[in-house]
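# Structure assessment
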Amino acid sequence: AQSVTQPDIHITVSEGASLELRCNYSYGATPYLFWYVQSPGQGLQLLLKYFSGDTLVQGIKGFEAEFKRSQSSFNLRKPSVHWSDAAEYFCAVGARNNNDMRFGAGTRLTVKP
Amino acid sequence: EAGVTQFPSHSVIEKGQTVTLRCDPISGHDNLYWYRRVMGKEIKFLLHFVKESKQDESGMPNNRFLAERTGGTYSTLKVQPAELEDSGVYFCASKPLTGQDLDTQYFGPGTRLTVL
């Protein structure tokens, strides 16, 4: 069965520091992987997605993620966090043209000034 | 282009009452999805429409939940009667059926439902 684990419920980083949010997935076929972000009062916004090809994918707002098949991971990174990055981040997995995505429980990011 | 919209943004009702949530997908998106997030848990799939037809409703928790999409445009999700465990955030998402960008679902802001 497909599933997603985000081990960190809450992370606090200082503004300007680097960030890595962890995501591990379980999927029986080639996974399609997504990272979404939800800022307060906003909908889920797609940050980036991975389907195939280069395992390091670039997204919006300076985020990137690396697909590691051997580790079943798709961790999200940002070299320098801004206060506006404070939000909740969700990792998701699905199939191509997926109609049944599975999400992790989310990681809440707090940014200290 | 307008995104997915949901109404209301918040709803507080008492146990036993009825609530109807509405979702307006992005114009032209034939696929429409409902998800729910119970506090602190993962976002879970509820059901999927293709136009006005239910493609998959395997995630619907029980028969107190009824989703409709008459005319294949907006969708409603009715909870009747509501129970305490129905509290959570209900998300709607949509994506096109043909053309480009078939792999990405676009989400609305969600409706926060509180059942007292």
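For the structure itself, look to the data block above.
Since we're looking at a predicted model, the values are computed, not measured.

### Describing the environment of Pro8(B)
Residue and element names in this part refer to chain B.
- By the secondary structure assignment, Pro-8 is in the loop between strand E1 (5-7) and strand E2 (10-13).
- Taking C-alpha positions, Pro-8 is 9.2 Å from Leu-113, a pair spaced 105 residues apart along the chain.
- Apart from residues lying up to four places away in sequence, Pro-8 is in contact with Thr-20, Leu-21, Gly-110 and Thr-111.

### Re the pattern of salt bridges
- A full pass over the atoms with the stated rule returns 13 salt bridges over all chains.
- In this structure, the salt-bridge partner of Arg77(A) is Glu66(A), at a minimum N-O distance of 3.2 Å. Of the two residues, Arg77(A) is situated in strand E9 (residues 73-78) and Glu66(A) in strand E8 (residues 64-68); the sequence distance between them amounts to 11 residues.
- For Arg77(A), a relative accessible area of 23% gives the class partly exposed.
- We classify Glu66(A) as partly exposed; its relative accessible area is 22%.
- Residue Arg108(A) pairs with Glu88(A) through a salt bridge whose shortest N-O separation is 2.9 Å. Separated by 20 residues along the polypeptide, Arg108(A) in strand E12 (residues 107-112) and Glu88(A) in strand E10 (residues 87-94) bring together distant segments of the chain.
- A cluster of three or more residues bridged by salt bridges with shared partners is formed by Arg36(B), Arg64(B), Glu85(B) and Asp86(B).

### Structural notes on the state of the cysteines
All names here are of chain A.
- Under the criterion given, the structure shown has two disulfides over all chains.
- Here Cys-23 connects covalently by a disulfide to Cys-91, the sulfurs 1.9 Å from one another. Torsion about the S-S bond of the Cys-23 and Cys-91 cystine: about -65°, corresponding to left-handed handedness. Of the two residues, Cys-23 is situated in the loop between strand E3 (19-21) and strand E4 (24-26) and Cys-91 in strand E10; the sequence distance between them amounts to 68 residues.

### Concerning the nonpolar core
- In this structure, Leu19(A), Trp35(A), Leu47(A), Leu48(A), Phe74(A), Leu76(A) and Tyr89(A) are the most contacted members of the largest nonpolar core, which totals 27 residues.
- Of all the secondary structure elements, the ones that give two or more residues to this core are strand E2 (10-14), E3, strand E5 (32-38), strand E6 (44-50), E8, E9, E10 and E12 of chain A.
- If we skip the residues at most four places from it in the chain, Tyr89(A) touches Gln6(A), Leu21(A), Trp35(A), Tyr36(A), Val37(A), Leu47(A), Phe63(A), Leu76(A), Gly106(A), Thr107(A) and Leu109(A).
- Counting residues in hydrophobic clusters, the runner-up holds 21 residues, among them Cys23(B), Ile26(B), Leu46(B) and Met60(B).

### Some words on the interface of chain B and chain A
- Facing 20 residues of chain B, the contacting portion of chain A comprises 22 residues.
- For the pairing of chain B and chain A, the buried interface totals around 1600 Å² over both sides, and the portion due to carbon and sulfur atoms is 49%.
- Three residues stand out in chain B for area buried against chain A, namely Ile43(B), Asp103(B) and Phe107(B), and they jointly supply 34% of the buried area on that side.
- At the boundary of chain B and chain A, one finds one salt bridge.
- Between Arg37(B) and Glu88(A) there is a salt bridge whose closest N-O contact spans 2.8 Å.
- Those elements giving two or more residues to the side of chain B that touches chain A turn out to be strand E4 (31-37), strand E5 (43-50) and strand E9 (88-95) of chain B.
- Of the residues belonging to the side of chain B that touches chain A, the class tally is eight nonpolar, six polar and six charged.

### Let's talk about the pairing of E10(A)
Residues and elements named next belong to chain A.
- The element E10 is largely enclosed, with a buried count of eight among its eight residues.
- Note: E5 against E10, seven bridges, orientation antiparallel. Paired with Trp-35 across the bridge in E10 is Cys-91.
- Across three bridges, E10 lies against E12 in antiparallel orientation.

### Notes on the layout of surface pockets
- Its volume calculated, the largest pocket comes out at about 650 Å³.
- Lining the largest pocket are 27 residues; nearest its centre among them are Gln38(A), Arg108(A), Arg37(B), Val89(B) and Arg112(B).
- Looking at the lining of the largest pocket, the elements that each hand over two or more residues are E9 and strand E11 (111-115) of chain B.
- It is E11(B) that contributes the most residues to the lining of the largest pocket, four residues altogether.
- Computed from the structure, the second largest pocket encloses a volume of approximately 190 Å³.
- Along the wall of the second largest pocket there are 13 residues; nearest its centre are Arg102(A), Phe103(A), Glu42(B), Ile43(B) and Lys44(B).
- Only strand E1 (3-5) and strand E11 (102-103) of chain A together with E5 of chain B provide two or more residues apiece to the lining of the second largest pocket.
- Examining the composition of the lining of the second largest pocket, we find that three residues originate from one element, E5(B), more than from any other.
- Partitioning the lining of the second largest pocket into residue classes produces five nonpolar, four polar and four charged.

Each value, and the rule that gives it
Residues numbered from 1 in each chain as written. Chains lettered and ligands numbered in written order. Predicted model: local features only at pLDDT ≥ 70, side-chain atom pairs only at ≥ 80, totals over all residues. Heavy atoms only, no water. Helix = DSSP H or I, 4+ residues; strand = E, 2+ residues; numbered from the N terminus. Contact = heavy atoms within 4.5 Å. Salt bridge = Lys/Arg side-chain N within 4 Å of Asp/Glu carboxyl O. Buried < 20%, exposed > 50% of the residue type's maximum accessible area, 1.4 Å probe, protein only. Disulfide = S-S within 2.5 Å. Core = buried A, V, L, I, M, F, W, Y, C linked by side-chain atoms within 4.5 Å. Buried area = accessible area lost by both parts, 1.4 Å probe. Nonpolar A, V, L, I, M, F, W, Y, C, P; charged D, E, K, R; others polar. Pairing = 2+ DSSP bridges. 1 Å grid on protein atoms, 1.4 Å probe; cavity = no way out; pocket = protein on both sides within 12 Å on 5 of 7 lines; lining within 4 Å. Points joined across faces, edges and corners; volume = space filled by probe spheres on them.

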